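# Observations on the model geometry
One letter stands for each residue in the lines below.
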Number of protein chains: 2
Amino acid sequence: MQYIYAFKEGDRSMKDTLGGKGANLAEMTKLGIPVPQGFTITTEVCDLYFKKNGYPEGYKDTLEKYVEGLEEETGKQFGNKENPLLVSVRSGAAISMPGMMDTVLNLGLNDETVKGLIAKTGNERFCYDAYRRFIQMFGNVVLGIDHDLFEAKLESLKESKGITNDVDLSAKDLEKLVAEFKEIVKKQTGEPFPEDPKKQLDMSIEAVFKSWHNQRAVTYRKLNNITGLRGTAVNVQTMVFGNMGENSGTGVAFTRDPSTGTNEFYGEYLINAQGEDVVAGIRTPNEIKTLKEQMPKIYDELLNIRKNLENHYKEMQDVEFTIEEGKLYMLQTRNGKRTAAAALKIAVDMFKEGLITKEEALMRIDPDQLNHLLHPMLDPNAEKDVIAKGLPASPGAAVGKVVFSADDAYEWTNEKDEKVILVRKETSPEDIHGMHAAQGILTSTGGMTSHAAVVARGMGTSCVAGCSEIRVDAQAKKFTVGDVTVNEGEYITLDGSTGEVILGQVPTIKPELTGDFREILNWAKDIKTLGVRTNADTPRDSKVAREFGAEGIGLCRTEHMFFDETRIKNVREMILAKDEAGRRKALAKLKPNQKEDFAGIYRAMDGLPVTIRLLDPPLHEFLPQKDVQIEELANEIGVSVEELKAKIVSLHEMNPMLGHRGCRLGLTYPEIYEMQVQAIIEAGIEVSKEGVVPIPEIEIPLVSTFKEFERLRIRLETVIDKYRDQINFEYKMGTMIETPRAALIADQIAETADFMSFGTNDLTQMSYGFSRDDIGKFLPIYLDTCILEADPFETIDQEGVGQLMKWTVKKGKEVNPHVDVAICGEQGGEPKSVEFCHNIGLDYVSCSPFRVPIAVLSAAQAKIKEGK
Amino acid sequence: MQYIYAFKEGDRSMKDTLGGKGANLAEMTKLGIPVPQGFTITTEVCDLYFKKNGYPEGYKDTLEKYVEGLEEETGKQFGNKENPLLVSVRSGAAISMPGMMDTVLNLGLNDETVKGLIAKTGNERFCYDAYRRFIQMFGNVVLGIDHDLFEAKLESLKESKGITNDVDLSAKDLEKLVAEFKEIVKKQTGEPFPEDPKKQLDMSIEAVFKSWHNQRAVTYRKLNNITGLRGTAVNVQTMVFGNMGENSGTGVAFTRDPSTGTNEFYGEYLINAQGEDVVAGIRTPNEIKTLKEQMPKIYDELLNIRKNLENHYKEMQDVEFTIEEGKLYMLQTRNGKRTAAAALKIAVDMFKEGLITKEEALMRIDPDQLNHLLHPMLDPNAEKDVIAKGLPASPGAAVGKVVFSADDAYEWTNEKDEKVILVRKETSPEDIHGMHAAQGILTSTGGMTSHAAVVARGMGTSCVAGCSEIRVDAQAKKFTVGDVTVNEGEYITLDGSTGEVILGQVPTIKPELTGDFREILNWAKDIKTLGVRTNADTPRDSKVAREFGAEGIGLCRTEHMFFDETRIKNVREMILAKDEAGRRKALAKLKPNQKEDFAGIYRAMDGLPVTIRLLDPPLHEFLPQKDVQIEELANEIGVSVEELKAKIVSLHEMNPMLGHRGCRLGLTYPEIYEMQVQAIIEAGIEVSKEGVVPIPEIEIPLVSTFKEFERLRIRLETVIDKYRDQINFEYKMGTMIETPRAALIADQIAETADFMSFGTNDLTQMSYGFSRDDIGKFLPIYLDTCILEADPFETIDQEGVGQLMKWTVKKGKEVNPHVDVAICGEQGGEPKSVEFCHNIGLDYVSCSPFRVPIAVLSAAQAKIKEGK
């Protein structure tokens, strides 16, 4: 085992051993790019250091050898009074953990070498400044002395001199500070400051290793779910200085514009400055292009390096450089962070430039990032008065006047033509019409998967949920937060991507499906094998989704249609009917509406499959809860308030999620499903006559036994029989797999079902025994304390729920290779879940319209990964 | 393939081929017992008849041959005018389906042969009566003519003669009736009545085959879950007549007393009568022992046959016999039905007589039947005025005065020393003290697994649930059913085994664990390998269960202890506390109570394991719901009613079953579980000093992720560490497997858990998505229409939930062979479920005390079956 590699010995493939930073320094060296030389102590040494509680045999000798090598190469020597070697010591793990571990700069300085450095640079002030910084860093990082002790000395010195800026301190001042800093070290540690550079080096390396297990680093890895690393590498690199005069300087740059993706060199620099000066923002740096005039040779050299790096890495690079007395050194290169728009443009451009393949281009884009491009955004330059912050429940910005009831939202929008934000403690299915009308939704309770959040994401409407800071008083038509009160009719702005609630109107920017975006999606569609459909309940949503690439509807929830104001009356009449005849009478009134709904959706999805789920929620969801509404309804339908209340009580359920819903309704009140199937088929016949090709897929929800599906299939096929000779389109009949038991007996169901679609929301609820409505009291704690690594309602729980899914696919396809297996839960548009669905062999995923592009890209990435 | 077997050719091993009846007739023939000779057409012929839509080749010739053989053997001939052969044609499948298929008697009679019979018997009236009965039966069964057409003729004849009894009809009358019956046949079928006996035989055999698929038979098989049979066999047997004079007779008998099991010949007979006369009850039959004087030779012969049959079948037999002119014939033998007490006595006696082994004796007893022996019964001779019928929710009889609240039940019992029946719409955990006090419980809503039913079964208290006929008016302290009103303080009697609600006091009989019962249980305990524990929350229940054979406690629910009147105040103080300190203060007050509870249970279960489940239900279950109670509590704890109501609302859950309960409470409020574990350990230390051996097993409920268990185990072990040097007893820590996900990741849990116990109630709820509280609206329909074959809360759903259980045992034991896997759901005492648990390798089952003997016997039977 080789403990140490000189930069010239390694390359970028050795990231696991050399860490990301070390591997890239080695790679640049290999490419002939000027890099201050040095070496990397491997992650294996770190691993062994902890396992053996000390260094492995032979390590010390190797280090000695590599130090000698570096001295030879640079012509400088540790402790040499004329030409001292100064180095930096930096950590660098295989996965970047910014700011989590420690760094020591200017190592090698002592009372002797500082004089040599002064002689060499002729810059006494610079040298003592470097020296005092070194003591301070070493003292803090290696010796564990409180940073503030050094700062206090610096402050009191400035005070005594009547100075406010560090730069006004003289060389003498700094020399004095060095002596004082050394005093601090001696007082705090009981030992004098180590003057021997090799001792400084040993101590610094050990400190970096130890920092691998410091609290910050451990927590960071836990929170970011970073596991399986051996430890950190340590990079020892010759110091170069950008602050050695007007022919020195330092800068950072991106090989392309990280905010637009334009293929232009982009960055900034400072003459006669150190790297930290650029970051600190005390002096305003220059744009990189001005370097062309100031140092034309260096600029050309940089442009060459830029080209070299991009050609080599085939990725946009983020680089750091230093110019020391007219000589250019590269200190770092890494893949550069970029905006979503830039990511798309760079990927498309690099493919067109022949740098990368389409597959590589697709792999470059983080699907989650696309979210930003699909919703209105706040103008980043606008001022904003943030008054509260809730959960970023549904992305996008929204501006409107505050209203406090769904009815008001509906009326203000449709009658007064106002844009409104609906503010509620929480929402319920009765609020759908208002939620549809509103620009955005703000709730004070409920989580990322509360009713408001789920429905808003489905509609692509901005939503900030669970904003517990605000107190909603719907009665008084106001909400308060601290001492701010917002009354009905006042403007607020929501940012559903950050959870911010902002007073007043903030300008927004409209989203566009740019050419690059379209192109990427087209490539993704060509490559992916997993189907992507959408969850949509209206022709409008269907159109949006199709625009975004949906290949059909994977879930059309018929119950949302029932809440429409003109229909809910008939729905209630049906529920309150005394017998089957009464129910049939009310259903007959609903049928034309349902037919119209389906016809509209067929037209929007012409030629694509439309999965229509038969009525699912328990009937009591359709009845009013408040006294005033109950009275109103009682008057309308001509029964006494007592009678109506008794009916409502009789329908009440302890655990409605596990109650009288789904196919259980279909089996106890078959006339409901019969009406729906008639509407599905009749609408199909109607649009066929217009030349539209409908492909209905009738879905029976909440099946947990084989017989539930079999009985309903037989019954509904009998209904369809009556239209048999008018039907000139294909249709299918299948089930949802929402209960764990349905998954366990999927082989039985697959025998007669045409498709089986996972309702992973319910499946997750029942597998964990988590009610989505009630998890607010413990889920946040579970996530904070890592009992759960992720919210299983956001990303599929592969260990638990995933096993049921795998089982279903395996057993189902064994029995019936033609059965389609799909997912239509919330997770169907989440990248990791989409990859999982691809891997276990699902036929398609279905997600809300605004997540379709994300699912398309994720599906393509999954396919590409599989091929590797 | 042999299509037909003469009785002398078969034996009882051929039940599948000859049907039960045919096989037993063959067996008796083989034993030399006098049986009217005949032959059996096999079930295979029936099977082929339906498959080929006709008889198989060669069948007709075979039939011809067997008819000839029978003629030869009896010396009688079909159609012979002097000595006609008469036969019966009867169905008989491998599994008895009483009354479901058809029979034809006296076949072979026609206008000619009837005369021969008259000449032979000298009894004209008897012969014409037999003839008219034959036409009537044949007409109905074979020709499908409505029975009533014949009956109407008979009635009008009797009317015209001014007669009321059939026996008063003369031979001439009957002869006339024969003619009229033939007229009916001709009119209805368009064909004359078939006079040819061979044609009669062919038609009858075919009719019997066809009856296999009639509606009645199909439904019967479906309801009784009889599958896999090929069809029915047909028995053709020579007729014998018990009504041929004073030296003839007929009777039925049991080889032992079927109601007590005493080893005495038991039965009754009639002289000069047909079998149907005994059954019809027009004449009062004589006790069998009087036959000794009347026909001493026949009686001896019968006693010999009785001995012969019992020695041969090694089972109590139920026989039919006929004496024709001084000659005894046996017409049937089969295993006799018996009461639970008789079943036990017969099994024990037969073992002692050396007839059967212990294993055979154990297999003879239906575990479900034991239920009757474990609870008080209504005196079967008492009169009863049944006013309503509900679900038989918890067996046993109870008599008491009606009360309408738990408080009243408690007070009347404890202060007035009254016996009461608690009548409620439904019960809730707050009613426990009243339910404990009451003799019996009657509810108007809720099913077999409602709160009332489950708790009552657990306590062994009689309960009639879901009695929807009664209307409970708790306010007015009365209930009504039809026009009967029962007021507070009036007596009613419940029969929890039948669901009957009876007005007034009916005398009851106390249960006894008789010597035979004890003996059988001891044998069962020796043989079984599956452990049997009990679910018990009090020392009293623990003692009862130990008495009944429980080998420890498999589930002690600590929450029941929290509802005790003196404690609930502290529980509420804990729930309503503003912070952890407040909660700890209230918990400190609860600890002495919990400690006392556990100490009492350890004493009762000295030396046996006691599984204690930490707090499981959501906290809101402990808060009052009614305004008056809320006011009371607010005053008590010194907060405003509004504040208290707000707290109650904030704890409200949409789906409490899937809410903030179980280990989720333990993780969010660790101080609760800490207090409980302290009490468990401190109580253990306390009783150890008395010489009692406590074996606590600490159970963490509602786990769905590995980390939930791991975190709590670590935390609670830390609590136990403080007592480490005082603990001189073993303890374990484990989980419940209640969520499907827990089963799916059982391998992870088993790594650190000492035991895993299936909570099959919750596991079933979540697997199906069935809320036990809400299934009343569809489960009855599901059971009625066979969508479900059984209530999965009564017997384990082996296809679905069972798969999760198998997976858990397999994966769990693979990882940790020492982990105990058990069940403590309601199904743990149900015979089929116990067998399943044995077969999949569980370590023990746990059930309510009154089901322990049932589980013990079922476990022994499962072991015996496995050995076969």
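Preceding this section is the structure that the text describes.
Residues numbered from 1 in each chain as written. Chains lettered and ligands numbered in written order. Predicted model: local features only at pLDDT ≥ 70, side-chain atom pairs only at ≥ 80, totals over all residues. Heavy atoms only, no water.

### Concerning the side chain of Ser-688 of chain B
Residue and element names in this part refer to chain B. Keep this limit in mind: Helix numbering and strand numbering both begin at the N terminus, where a helix is a DSSP run of H or I of at least 4 residues and a strand a DSSP run of E of at least 2. A 1.4 Å probe rolled over the protein chains alone gives each residue an accessible area, and that area as a share of the maximum for its type sets the label: buried under 20%, exposed over 50%, partly exposed in between. Polar contact is defined as a pair of N or O atoms within 3.5 Å, subject to the rule that within protein one atom must be able to donate a hydrogen and the other to accept it, and that residues adjacent in sequence are counted only when both atoms are side-chain atoms. Residue contacts are counted whenever heavy atoms from the two residues lie within 4.5 Å of one another.
Looking at where Ser-688 falls in the secondary structure, it is placed in helix H27 (residues 670-689). Taking the relative accessible area as the measure of exposure, Ser-688 reaches 16% and is therefore buried. Polar side-chain contacts of Ser-688 include one of 2.6 Å to the backbone oxygen of Gly-684. Dropping the residues within four chain positions of it, Ser-688 is found in contact with Pro-694, Asn-728 and Phe-729.

### Here's the deal with the packing of helix H30 (residues 760-768) of chain A against helix H32 (residues 801-815) of chain A
All names here are of chain A. For clarity, the threshold we go by: To get an axis, a line is fitted to the C-alpha atoms, and for a helix only the part in contact is used. The angle between two axes follows their N-to-C directions and goes from 0 to 180 degrees. Here is the rule for angles: anything less than 35 degrees is roughly parallel, anything more than 145 is roughly antiparallel, 65 through 115 is roughly perpendicular, and the remaining ranges are oblique. Note on convention: the crossing is left-handed when the near helix lies turned anticlockwise from the far helix by less than a right angle, right-handed when the turn is clockwise. Throughout, the ten residues Ala, Val, Leu, Ile, Met, Phe, Trp, Tyr, Cys and Pro are labelled nonpolar, Asp, Glu, Lys and Arg are labelled charged, and all others, Gly among them, are labelled polar.
Running from amino to carboxyl end, H30 crosses H32 at an angle of 120 degrees, the nearest separation of the two axes being 10 Å. Comparing their axes, H32 and H30 come out oblique. Considering the relative orientation of H30 and H32, their crossing is right-handed. Between H30, through Thr-760, Leu-763, Thr-764 and Ser-767, and H32, the contact on the second element is made entirely by Val-801, Leu-804 and Met-805. For the contact of H30 with H32, the per-class residue count stands at 4 nonpolar, 3 polar and no charged.

### Some details on the relation of the copies chain B and chain A
This is how the line gets drawn: Copy-to-copy superposition: least squares on the C-alpha atoms, limited to residues that have pLDDT of at least 70 in both copies.
Mapping chain B onto chain A leaves a residual RMSD of 0.2 Å; the transformation is a rotation of 179 degrees accompanied by 0.2 Å of translation along its axis. What we have between these two chains is a two-fold relation. Every residue of chain B has its C-alpha some distance from the rotation axis, and the shortest such distance is that of Asn-655 of chain B, at 2.2 Å. A symmetric contact is evident, with 100% of the interface residues of chain B recurring at the interface of chain A.

### Topic: the sheet that holds strand E3 (residues 87-92) of chain A
Residues and elements named next belong to chain A. So the rule is basically this: Pairs of strands are assigned from DSSP output, requiring at least two bridges between the strands.
Pairing is antiparallel across the open sheet formed by 5 strands, whose spatial order is E1-E2-E5-E3-E4. Of all strands in the sheet, those bounded by a partner on one side alone are strand E1 (4-6) and strand E4 (103-107). Neighbour-to-neighbour, the strand axes of the sheet open up by a mean angle of 20 degrees, direction not taken into account. Here 3 bridges tie E1 to strand E2 (residues 38-41), and the two strands are oriented antiparallel to one another. Note that in E2 the partner of Tyr-5 across the bridge is Thr-40. Strand contacts of helix H1 (residues 15-30): E1, E2, E3 and strand E5 (233-238), with the helix running at about 25 degrees to E5, the strand carrying the most contacts.

### Re a negative patch on the surface
Residue and element names in this part refer to chain A. Test applied: Surface patches are defined over residues having more than 30% relative accessible area and no salt bridge, joining like charges when they lie within 9 Å and nonpolar side chains (Val, Leu, Ile, Met, Phe, Trp, Tyr) when within 5 Å. Residue exposure ignores everything except the shown protein chains as possible cover, and the areas themselves are Shrake-Rupley values with a 1.4 Å probe. One speaks of a salt bridge when a side-chain nitrogen belonging to Lys or Arg is within 4 Å of a carboxyl oxygen belonging to Asp or Glu. Under this rule, positive means Lys or Arg and negative means Asp or Glu; His and the chain ends count for nothing. Note on charges: their place is set at NZ of Lys, CZ of Arg, CG of Asp or CD of Glu.
Together, Asp-407, Glu-411, Glu-415, Asp-564 and Glu-565 make up a region of like negative charge exposed at the surface. Structurally, Glu-411 can be placed in helix H15 (residues 406-414). Glu-411 gets classed as partly exposed once you look at its relative accessible area, which sits at 37%.

### Quick look at helix H3 (residues 59-74) of chain A
Residue and element names in this part refer to chain A. In plain terms, the rule: To estimate the expected span of a helix, subtract one from its residue number and multiply by 1.5 Å.
End to end, H3 covers 22 Å across 16 residues, agreeing with the expected 22 Å (1.5 Å per residue, within 8%). Within the span of H3, buried status applies to Tyr-59, Thr-62, Leu-63, Tyr-66, Val-67, Leu-70 and Glu-71. Summarising the contacts, the buried residues of H3 are in contact with E1, E2, helix H2 (43-52), E3, helix H8 (197-211) and E5. Backbone geometry just downstream of H3 places Gly-75 in the positive-phi region, at approximately 75 degrees.

### Quick word on the nonpolar core
Formally: Joining through side-chain atoms within 4.5 Å is the link that ties buried Ala, Val, Leu, Ile, Met, Phe, Trp, Tyr and Cys residues into a set, and such a set is a nonpolar core.
Residues Met-805 and Leu-842 of chain A together with Met-805 and Leu-842 of chain B are the most contacted members of the largest nonpolar core, which totals 269 residues. When residues no more than four places from it in sequence are discounted, the contact partners of Leu-842 of chain B are Leu-530, Phe-758, Met-805, Val-809, Val-821, Ala-822, Ile-823 and Cys-837 of chain B.

### Topic: unusual backbone geometry
All names here are of chain B. Phi angles above zero are rare outside glycine, and Asn-272 is one such case at about 50 degrees. Mapped onto the secondary structure, Asn-272 falls in the loop between strand E7 (266-271) and helix H10 (275-280). In this structure, Lys-477 takes a positive phi of about 55 degrees despite not being glycine. Looking at the element boundaries, Lys-477 is found in the loop between strand E18 (471-473) and strand E19 (478-481).

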